[in-house]
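For reference, the chains in residue letters:
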Amino acid sequence: MAAPGAVERLSRRPLDAVLEVRRAVRTLLADSACAAPLRSGRVYVAVSGGADSLALAEAAAHVGRRRDLTVGALVVDHGLQPGSAEVAARAAERARNLGVATATVLPVAVSGPGGPEAAARRARYAALRDHAGPGSLVLLGHTRDDQAETVLLGLGRGSGSRSLAGMRPLDPPWARPLLDVPRSVTSAACVELGVSPWDDPHNADPRFRRVRVRHEVLPLLEDVLAGGVSAALARTARQLREDCDALDAVAADVARRAEVGRDLSVAALAGVPPAVRRRVLRTWLLGAGVGDLSDAHLRSVDALVGRWRGQGGVFLPGGAEVSRAHDKLTLNRRQPTTRGS
Ligand SMILES: Nc1ncnc2c1ncn2[C@@H]1O[C@H](COP(=O)(O)OP(=O)(O)OP(=O)(O)O)[C@@H](O)[C@H]1O
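The model shown is predicted, which means the values in this text are computed figures rather than measured ones.

Asker: Outline the nonpolar core, supporting the account with residue identities and numerical values.
Answerer: Val45, Val47, Val100, Leu137 and Leu139 are the most contacted members of the largest nonpolar core, which has 43 residues in total. Of all the elements, helix α4 (residues 51–66) adds the most residues to this core, at nine residues. Once you skip the residues sitting within four places of it in the chain, Val45 turns out to touch Ser53, Leu56, Ala57, Val71, Gly72, Ala73, Leu74, Val100 and Leu139. Val280, Val301, Val322 and Leu331 belong to the second-largest nonpolar core, a separate cluster that totals 25 residues.

Shown next, in the form of structure tokens:
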């Protein structure tokens, strides 16, 4: 039986896939939000050595040359496996061979909470951002399939619409030109370019939920729902993102009217739909430095808006508490207690 994507690949003319990836890069860079970073001349492509980022590196270098832009490749070495430095050096060399002007390996120290995968992601994004510097653009190789997996994983966690909206194509310094390009196209592009991508062993490890979604859940959905599922999920993400952005804009407007110094006016929230109200509360609390807010936290704070008196406050992460006094919500913070005192 032909491998998935093989028929699609056979029907392509040579270089079709390369042209499709280049087109995606050109389209995103034409967005007005890219104008300033492009003028700064600091444009990078983050390269892991996999098919997606190698195809992206070639396309970015090609489009860059046409626009007199110097594009550099950045390869992060997480140092988590023996031989990782060689893998990173090979990725940098392949990127150079594909036309980027410079290729820099960034060794990082991976530590901190949340397991090695989360810590590696944090360290990677911090290193890329620091090296690229303010006003820069860093292109990432996330594809349409990555977006579909992100949406499904979010659904499984019971996430809200913000998370189901997936990754943004443009969120400077990050740019993801391939969110509408299937992974089969980046693989085909590498074949057309004659480059052999690095196959990250993690991508086949079924202990990772994302790997099982990729290899088991999505193919099953494609089968049951008669194809086009990844494209449909990516489309859904885009629609949700537009909806979320619209709600956020309304919420920002309400927040301006509702914020009274450190407090929030309950009267200004009267008649505001719950989805907008919770966004206002989230913005207010995040702005005051309260992190790790769950939907349940926001719903509890929101319930204070509909109450009047005789109710206790709502406790939030980091020792924060929101209480209602007449027509205001007030944020208080408990003093951190010193162990043993
Ligand atoms: N070690 C790394 N160094 C630089 N960039 C990276 C690294 N790992 C991931 N990235 C960037 O993040 C994007 C998404 O990462 P992810 O881990 O989902 O992809 P991958 O399967 O490892 O590699 P690829 O997307 O290149 O096939 C990559 O396409 C690349 O742009």
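Asker: Outline the UniProt feature "binding site: ATP" (unreviewed entry) in the protein chain, listing residues and values.
Answerer: Taken from the UniProt record, the annotation "binding site: ATP" (unreviewed entry) applies to Ser48, Gly49, Gly50, Ala51, Asp52 and Ser53. When you line up the elements, Ala51 lands in helix α4. Residues contacting Ala51, with those up to four places away along its chain left out, are Thr186, Ser187, Cys190 and Pro197. Positionally, Asp52 belongs in helix α4.

Asker: For the site of the ligand, give the residues involved together with the corresponding values.
Answerer: The immediate surroundings of the ligand are formed by 16 residues, with Ala46, Ser48, Ser53, Val76 and Gly141 found nearest. Interatomic distance of 2.6 Å between a backbone N/O atom of Ala46 and an oxygen atom of the ligand. In this structure, a nitrogen atom belonging to the ligand sits 2.9 Å away from a main-chain N or O atom of Val76. When the ligand is considered free in solution it has 570 Å² of accessible area, and contact with the protein chains removes 85% of it. For the shell around the ligand, the secondary structure elements donating two or more residues are α4 and β2 (71–77). Here the residues of the shell around the ligand are counted per class, giving seven nonpolar, seven polar and two charged.

Asker: I'd like to hear about the UniProt feature "domain: tRNA(Ile)-lysidine/2-thiocytidine synthase N-terminal" (unreviewed entry) in the protein chain, residue by residue, with values.
Answerer: In the numbering used here, UniProt assigns the feature "domain: tRNA(Ile)-lysidine/2-thiocytidine synthase N-terminal" (unreviewed entry) to residues 43–216. With 49% helix and 14% strand, the stretch residues 43–216 has end C-alpha atoms that lie 36 Å from each other.

Asker: Which residues make up the sheet that holds strand β4 (residues 137–139), and what values do they have?
Answerer: Spatial strand order, β3-β2-β1-β4-β6-β5: six strands in an open sheet with mixed pairing. The sheet is open, and its two edges are formed by β3 (102–107) and β5 (170–171), each paired on a single side. Bridge count between strand β1 (residues 43–46) and β4: three bridges; the pairing is parallel. Looking across to β4, one finds that Val43 is bridged to Leu137.

The rules behind the values
Residue indices begin from 1 for each chain and proceed along its sequence in written order. Where totals are concerned, whole chains, interfaces and linings use all residues; where local detail is concerned, this predicted model gives features only for residues with pLDDT of at least 70, and gives and counts side-chain atom pairs only at 80 or more. To obtain the side-chain values, all non-hydrogen atoms of the structure were used and water was disregarded. Remark: nonpolar core denotes a set of buried residues (Ala, Val, Leu, Ile, Met, Phe, Trp, Tyr, Cys) joined through side-chain atoms within 4.5 Å. Exposure categories follow from relative accessible area, calculated using a 1.4 Å probe and restricted to protein chains: below 20% of the type maximum is buried, above 50% is exposed, and the middle band is partly exposed. Going along the chain from the N terminus, every DSSP run of H or I of four or more residues is numbered as a helix, and every run of E of two or more is numbered as a strand. Only heavy atoms matter for contacts: two residues are in contact if any of them lie within 4.5 Å across the pair. UniProt positions are given in the numbering used here, feature names are shortened, and annotations may be inferred rather than shown by experiment. One heavy atom suffices: a residue is near a molecule or strand as soon as one of its heavy atoms comes within 4 Å of it. Polar contacts, as used here, are pairs of N or O atoms within 3.5 Å; protein pairs need one atom able to donate a hydrogen and one able to accept it. Residues neighboring in sequence count only if both atoms are side-chain atoms. Surface accessibility in these figures is a Shrake-Rupley result with a 1.4 Å probe; residues are shielded only by whichever protein chains are displayed. When residues are grouped by polarity, Ala, Val, Leu, Ile, Met, Phe, Trp, Tyr, Cys and Pro land in nonpolar, Asp, Glu, Lys and Arg in charged, and all others, Gly among them, in polar. DSSP calls a pair of strands paired once it identifies at least 2 bridges connecting them.

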